[in-house]
Amino acid sequence: MDVLIIIYVRTQIKFLFRHVSASRKRDGGQPLIGGDVASQGTGFVQGGTMTRSISAIVERLRQRIVPAMAGGFVMLGIGWAGLWGASFGASPGDMIDLKGRTLIFDEEFDRLSVSPHGPDTVWSAHTPWGGDFGDAGFRDKEPGLPFSVRDGILRIEMRKAADGKWQSGLLSSSPGYGRGFTAPYGYFEMRARLPAGDGVWPAFWLDELTPAGSGKHSLEVDIIEHYGRFPAAYNTTVTEWNPKNSHENHSQMHIQPVPSGSLSQAFHTYGAEVTPQWVIFYFDRREIWRTPAPSRPLGGLDVLVDLGLGGGWPIDKAPSPAIMEVDYIRVYQSRKAP
């Protein structure tokens, strides 16, 4: 139940920071940070770091939602003003067949090509809209931190610095609309071993990029979000963002059970096939869930991987360092219609 509450809170924070901050930056000002966001009346930020006060928000939401729950916690996923649909577990589905599929993006991490904001590298170290999220700042690459490559494995390292601030890493395949690598459809896959521990928040996700100021809807596909506090599950989510009216944002979520601790004990593959009809999720290349895709044609999907911190959960017991290992990230071209 707690994980559903925090995903809802996180969605609202991400919408506010992503769209309000990005529009402020496009208008010639600085992105919203710290007290700027707090001054908008969100109560989500203090001290210049996103999600500092989320624990209190979660508790208030829990107090309001739990007494109203009459149908078990599955109903919680569809109880927030129609914003959420949820599924929990599923019988394993078919294995994906990649025979004959063309690789259009193949990052094996034999070396790492990254810069703060591109444009002449494979990866950018920041989001296309220029904002961080969670309790760790995403830093530029320095010798050994937060990225390193060893034997074809990318290591994203998160640690607490001497000044008490947390730092970690994010990679984005596009520094902004019309630049870098994006693909509207295809099969997107990462093979990775995740860190264990309270507070860790690794993710592999896709974000539809739209022209600045266009007001167009955009799609976010969270192929995996894993909250270290819950070692026996991870989340997949599809969110349709409306930049003009946050009340019309719509998400569908699935919680995938796994053997406790297994995601940090071995490498696994996490994938999503995005088609004009469906978004289909895979774990170790076996289908676990699908949900309808938006009826509109999609724009290019940016590929992102990050090791976040907190996500609304306490970070006082978070391990330092924590390391996310990524073997590869691949994108296969959409399957041709027969």
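Small disclaimer: the values here were computed from a predicted structure and weren't measured.

Draft legend 1. Spotlight on the pairing of strand E18 (residues 278-283). The buried fraction of E18 amounts to five of the six residues, a majority that puts the element mostly inside the structure. Taken together, the five bridges between strand E17 (residues 268-274) and E18 define a ladder with antiparallel strand orientation. The partner of Val274 across the bridge, within E18, is Val279. In sequence, E17 turns back onto E18 through a hairpin of three residues. Two strands pair when backbone bridges link them, and E18 and strand E19 (residues 286-292) are joined in this way by six bridges, in the antiparallel orientation. Its bridge partner lying in E19, Phe283 is registered against Arg286. From the end of E18 to the start of E19, which pair antiparallel, there are two residues, and Asp284 there has a positive phi angle of about 50 degrees.

Draft legend 2. Geometry of the pattern of salt bridges. Under the counting rule described, the total for this entry stands at twelve salt bridges. A salt bridge links Arg285 to Glu189, with the nearest nitrogen and oxygen atoms 2.9 Å apart. With a gap of 96 residues between them, Arg285 in the loop between E18 and E19 and Glu189 in strand E12 (residues 186-193) connect regions that are remote in the sequence. Exposure remark for Arg285: the relative accessible area of 24% places this residue in the partly exposed category. With relative accessibility at 0%, the residue Glu189 sits in the buried group. Between Arg229 and Asp198 there is a salt bridge; the shortest N-O distance is 3.5 Å. You can see Arg229 sitting in the loop between strand E14 (218-225) and strand E15 (233-241) and its partner Asp198 sitting in the loop between E12 and strand E13 (200-208), a full 31 residues away along the chain. Look at Arg229 and you get partly exposed, because its relative accessible area is 36%. For Asp198, a relative accessible area of 22% translates into the label partly exposed.

Draft legend 3. Looking closely at the packing of aromatic side chains. Inspection of the entire model under this criterion finds 15 aromatic pairs. Seen from their ring centres, Phe105 and Trp123 are 5.5 Å apart, and the 90 degrees between their planes marks the pair as edge-to-face. Residue Phe105 is located in strand E4 (residues 103-107), and its partner Trp123 is located in strand E6 (residues 123-124); the two are separated by 18 residues in the primary sequence. You'll find Phe105 and Trp123 in the same group, each marked buried. Between the aromatic rings of Phe133 and Trp205, the centroid separation amounts to 5.9 Å while the plane-to-plane angle is 75 degrees, which identifies the pairing as edge-to-face. With a gap of 72 residues between them, Phe133 in the loop between E6 and strand E7 (136-138) and Trp205 in strand E13 connect regions that are remote in the sequence. Accessibility assignment for this pair places Phe133 and Trp205 in one class, buried. A connected cluster of aromatic rings, assembled from ring pairs, spans Trp129, Phe133, Phe138, Trp201, Trp205 and Tyr227. Over the ring of Trp278 we find Arg290, and its NZ or CZ is 5.3 Å from the ring centre. The ring of Tyr328 has Arg330 sitting right over it, with the charged end atom 3.6 Å from the ring centre.

Thresholds applied
- Residues numbered from 1 in each chain as written.
- Predicted model: local features only at pLDDT ≥ 70, side-chain atom pairs only at ≥ 80, totals over all residues.
- Heavy atoms only, no water.
- Buried < 20%, exposed > 50% of the residue type's maximum accessible area, 1.4 Å probe, protein only.
- Helix = DSSP H or I, 4+ residues; strand = E, 2+ residues; numbered from the N terminus.
- Pairing = 2+ DSSP bridges.
- Salt bridge = Lys/Arg side-chain N within 4 Å of Asp/Glu carboxyl O.
- Phe/Tyr/Trp six-rings, centres within 6.5 Å; stacked < 30°, edge-to-face > 60°.
- Lys NZ or Arg CZ within 6 Å of the ring centre and 35° of its normal.

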